[in-house]
Amino acid sequence: MSIPAKILVIEDDPAIRRLLRVTLERAGHAVAEASTAREGQSLLGIEKPQVVLLDLGLPDRDGLELVQLIKGQVQATVIVVSAREETAEKVAALDLGADDYLTKPFDTEELLARVRAGLRHRLDARGAEHRVEAGEVVIDLDRRRVTRAGEEVHLAPKEYGVLALLAQRPDRVLSHAQILREVWGPAQADRVEYLRIVVRALRQKLEADPARPALIVNELGVGYRLRPE
């Protein structure tokens, strides 16, 4: 079931704006539209959206420059919807504060799923119980306790740090640099090999089949996502 929300679409292509509006309104959301960065910024304060769908190729300003401005102005989930497929663009958007990244052309059902995930995260951030379930794995953030099939799993400090960070943002991709900065510290933000070792260990302890992970999934060249139940 979708949570009704106010969604601001910042997109210069009229056909894509129309597709997004129809898709979102059919799912019960209220939609506001902007075709330029300037118009989008002016609508933030008026509409106070819960979700912003942001194109990067805007005519008056690069969308990447808007990510931090949006985050500073409203408490909204920012989902980049862009034709830019380069890994560097995805990483840059996520590092600047975007909550998710969807590449054009996109499947409308996937778009709605990303919106639902973003809205669920907003509710979690407002004080929902800090407990994430993913199959047989239960992550209790309040008690710093992880179980699998009812049995407690011992995790090393860095393993728990990575898992907890992902669990705090379920179904959202976090870039390698984001995770490394928060768990290892800013000086280690480029040591991707550290993160890969920890993720490999987590998969060995938590995944039913570590060779085919279903819990901690890889966004190739970008980062990791915790897939909840």
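Residues numbered from 1 in each chain as written. Predicted model: local features only at pLDDT ≥ 70, side-chain atom pairs only at ≥ 80, totals over all residues. Heavy atoms only, no water.

Regarding the sheet that holds strand 12 (residues 223-226)
Rule in force here: What makes two strands pair is DSSP finding at least two bridges between them. Helix numbers and strand numbers start at the N terminus; a helix is a DSSP run of H or I with at least 4 residues, a strand a run of E with at least 2.
Taken together, three strands build an open sheet; the order of strands is 10-12-11 and the sheet is antiparallel. The outermost strands of the open sheet, each flanked by one partner alone, are strand 10 (174-175) and strand 11 (216-219). Here strand 10 runs beside strand 12; their pairing, made up of two bridges, is antiparallel. Residue pairing across strands places leucine 174 opposite tyrosine 224, the latter belonging to strand 12.

Overview of unusual backbone geometry
Proline 105 follows lysine 104 through a cis peptide bond whose omega is -10°. With phi around 45°, lysine 48 is a residue other than glycine that occupies positive phi space. Looking at where lysine 48 falls in the secondary structure, it is placed in the loop between helix 2 (37-47) and strand 3 (51-54). We note that aspartate 171 has phi near 65°; this positive angle belongs to a residue other than glycine. Position of aspartate 171 relative to the elements: it lies in the loop between helix 6 (157-168) and strand 10.

Brief notes about the side chain of threonine 147
Stated precisely, the cut-off is as follows: Any residue under 20% of the maximum accessible area for its type is buried, any over 50% is exposed, and the rest in between are partly exposed; the area is computed with a 1.4 Å probe on protein chains only. The contact rule is simple, with two residues in contact once any of their heavy atoms fall within 4.5 Å.
Tracing the sequence through the fold places threonine 147 in strand 8 (residues 145-148). The exposure class assigned to threonine 147 is buried, which follows from its relative accessible area of 10%. Aside from chain neighbours lying at most four places away, what touches threonine 147 is Glu136, Val137, Val138, Glu152 and Val153.

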